[in-house]
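# Descriptive analysis of the structure
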Amino acid sequence: NAGVTQTPKFRILKIGQSMTLQCTQDMNHNYMYWYRQDPGMGLKLIYYSVGAGITDKGEVPNGYNVSRSTTEDFPLRLELAAPSQTSVYFCASSYSPGHTEAFFGQGTRLTVV
Amino acid sequence: GDSVTQMEGPVTLSEEAFLTINCTYTATGYPSLFWYVQYPGEGLQLLLKATKADDKGSNKGFEATYRKETTSFHLEKGSVQVSDSAVYFCALTYSGGGADGLTFGKGTHLIIQP
């Protein structure tokens, strides 16, 4: 059972470039999330989805976009990358947010230069 | 809005010492509470959870009790090992429709010395 798989693991972008961070889960979870983790700041929610075709903004959505065309996939799109988007990005999924655990991917370390 | 406050790190202890990592929360409703652990280079893993007041979560020798009266969920372990070195996050979320993710504390870096 693979759980939550994120690709790539590392990426360096130039300012103004764009990219898509991929996230796939094989647990048939309806709830999926994207977080960013900055040093000493914990994790902040970027976007979340409660099922295929439904997405909503989290705490720090500016500069990002998401889509959820299938239950399994929840890609995160960065348009016009900026140095402030240098961070570690985690995708997570959950069956029932208040009762069961969230499963996290291993993260994508992104540097914008 | 909701928030989670946990003690600043790094926390450095010797092997077999007693561990407490404090966590308090501010919430508008009645959240579920979690401790997640992050080992170097990895994603977060659930350590334990409690879904209502007075519940005690436990796993791998770690314990935490959901204290509604003090809005706290302190993590404890009686005898730590070098392998417990990691970053620990306290978090909350809601059940029953509250799908907007976990609210995390800033994390506490724990270092256990042999």
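Okay, so let's go over this structure. Model, not experiment: these values are computed from the prediction.

Rules and cut-offs
- Starting from 1, residues in each chain are numbered consecutively following that chain's sequence as written.
- The naming scheme follows written order: chains are lettered A onward, ligands numbered 1 onward.
- Only residues with pLDDT of at least 70 are given local features in this predicted model, and only at 80 or more are side-chain atom pairs given and counted; all residues enter the totals for whole chains, interfaces and linings.
- Here the side-chain values reflect all heavy atoms present in the structure, with hydrogen atoms and water set aside.
- Numbering of helices and strands runs from the N terminus; a helix is a DSSP stretch of H or I covering at least four residues, while a strand is a stretch of E covering at least two.
- Relative accessibility thresholds used throughout: buried, under 20% of the residue-type maximum; exposed, over 50%; partly exposed, between the two (1.4 Å probe, protein chains only).
- By definition in these notes, contact holds between two residues if any of their heavy atoms fall within 4.5 Å.
- Of the grid points, spaced at 1 Å and generated over the protein atoms alone, those admitting a 1.4 Å probe that cannot get out make up cavities, while open sets with protein on both sides within 12 Å along at least five of seven lines make up pockets; any residue with an atom within 4 Å of a point is treated as lining.
- Grid points are joined across faces, edges and corners, and a volume is the space filled by probe spheres set on the points.
- The nonpolar core is taken to be a set of buried Ala, Val, Leu, Ile, Met, Phe, Trp, Tyr and Cys residues, with the residues joined through side-chain atoms within 4.5 Å.
- Definition used for salt bridges: Asp or Glu carboxyl oxygen within 4 Å of a side-chain nitrogen of Lys or Arg.
- Under the grouping applied here, Gly and all other residues not named as nonpolar or charged are polar, the nonpolar ones being Ala, Val, Leu, Ile, Met, Phe, Trp, Tyr, Cys and Pro and the charged ones Asp, Glu, Lys and Arg.
- Between any two strands, at least two bridges found by DSSP are needed for them to pair.
- Inter-axis angles, ranging from 0 to 180 degrees, are taken between N-to-C directions of lines fitted to C-alpha atoms, where helices are fitted over the stretch in contact.
- Polar contact is the term for a pair of N or O atoms within 3.5 Å; when the atoms are in protein, one must be able to donate a hydrogen and the other to accept it, and sequence-neighboring residues count only if both atoms are side-chain atoms.

### With respect to the environment of B:Ser3
Residue and element names in this part refer to chain B. In this structure, Ser3 sits in strand 1 (residues 3-6). Judged by its relative accessible area of 29%, Ser3 falls in the partly exposed class. With 90 residues separating them along the chain, Ser3 and Thr93 place their C-alpha atoms 10 Å apart. Filtering out sequence-adjacent residues up to four positions away, Ser3 remains in contact with Thr24, Tyr25, Thr26, Leu92 and Thr103.

### Description of empty space enclosed by the protein
Applying the stated rule across the entire model yields one cavity of 30 Å³ or more. When its volume is computed, the largest cavity comes out at roughly 60 Å³. Surrounding the largest cavity, A:Tyr33, A:Tyr35, A:Ser94, A:Pro97, A:Thr100, A:Glu101, A:Ala102, B:Phe34, B:Tyr36, B:Thr93, B:Gly101 and B:Leu102 form its lining. Contributions of two or more residues to the lining of the largest cavity are made by strand 4 (31-37) of chain A together with strand 5 (32-38) of chain B.

### Some points on the nonpolar core
In this structure, B:Trp35, B:Leu47, B:Leu48, B:Phe73, B:Leu75 and B:Tyr88 are the most contacted members of the largest nonpolar core, which totals 26 residues. Ranked by residue count, the leading element in this core is strand 10 (residues 86-93) of chain B, at four residues. Apart from residues no more than four positions distant in its own chain, B:Leu48 is found in contact with B:Leu33, B:Phe34, B:Trp35, B:Gly57, B:Ser58, B:Asn59, B:Phe62, B:Glu63, B:Ala64, B:Phe73 and B:Leu75. Listed in part, the 20 residues of the second largest apolar core include A:Leu13, A:Met19, A:Leu21 and A:Phe74.

### Remarks on the pattern of salt bridges
Scanning the entire structure with this criterion turns up six salt bridges over all chains. Note that A:Asp38 is salt-bridged to A:Arg36, the shortest N-O span being 3.1 Å. Close ionic contact of B:Asp55 with B:Lys52 constitutes a salt bridge, the shortest N to O distance being 3.3 Å. B:Asp55 gets classed as partly exposed once you look at its relative accessible area, which sits at 22%. Under the relative-accessibility criterion, B:Lys52 is labelled exposed at 51%.

### Points about the layout of surface pockets
Within this model, the largest pocket holds a volume of roughly 600 Å³. Those elements giving two or more residues to the lining of the largest pocket turn out to be strand 9 (87-94) and strand 11 (108-112) of chain A together with strand 10 and strand 12 (108-113) of chain B. Here the lining of the largest pocket is composed, by residue class, of 12 nonpolar, 13 polar and six charged. Forming the walls of the second largest pocket are 14 residues, and the residues nearest its centre are A:Leu43, A:Lys44, A:Glu59, B:Thr103 and B:Phe104.

### As for the sheet that holds strand 8 (residues 76-78) of chain A
Residues and elements named next belong to chain A. Spatially, 1-3-8-7 is the arrangement adopted by the four strands of the open sheet, whose pairing is antiparallel. Edge positions in the open sheet fall to strand 1 (4-7) and strand 7 (64-66), since each of these has one partner strand only. Geometrically, the sheet is characterised by an average inter-axis angle of 20° between neighbouring strands, direction not taken into account. Two elements, strand 7 and strand 8, share three bridges in a ladder whose sense is antiparallel. Looking across to strand 8, one finds that Asn65 is bridged to Arg77.

### Describing the sheet that holds strand 3 (residues 19-21) of chain B
The strands making up a sheet associate through backbone hydrogen bonding, with each pair oriented either parallel or antiparallel. Residue and element names in this part refer to chain B. Pairing is antiparallel in the open sheet, where four strands are placed in the order 3-9-8-7. Each having just a single partner strand, strand 3 and strand 7 (56-59) make up the two edges of the open sheet. When the angles between neighbouring strand axes are averaged without regard to direction, this sheet yields 15°.

### Structural notes on the interface of chain B and chain A
With 23 residues of chain B in contact, the opposing surface of chain A contributes 21 residues. Here chain B is connected to chain A by zero salt bridges. The tally of links from chain B across to chain A stands at three residue pairs in polar contact (both at pLDDT 80 or more). Looking at the side of chain B that touches chain A, the elements that each hand over two or more residues are strand 5, strand 6 (44-50) and strand 10 of chain B. A total of four residues in the side of chain B that touches chain A trace back to one element, the largest contributor, which is strand 5 of chain B.

### Some thoughts on the environment of B:Thr24
Residue and element names in this part refer to chain B. Here Thr24 is to be found in strand 4 (residues 23-26). Exposure remark for Thr24: the relative accessible area of 33% places this residue in the partly exposed category. Apart from residues lying up to four places away in sequence, Thr24 is in contact with Ser3, Val4, Thr5, Thr71, Ser72 and His74.

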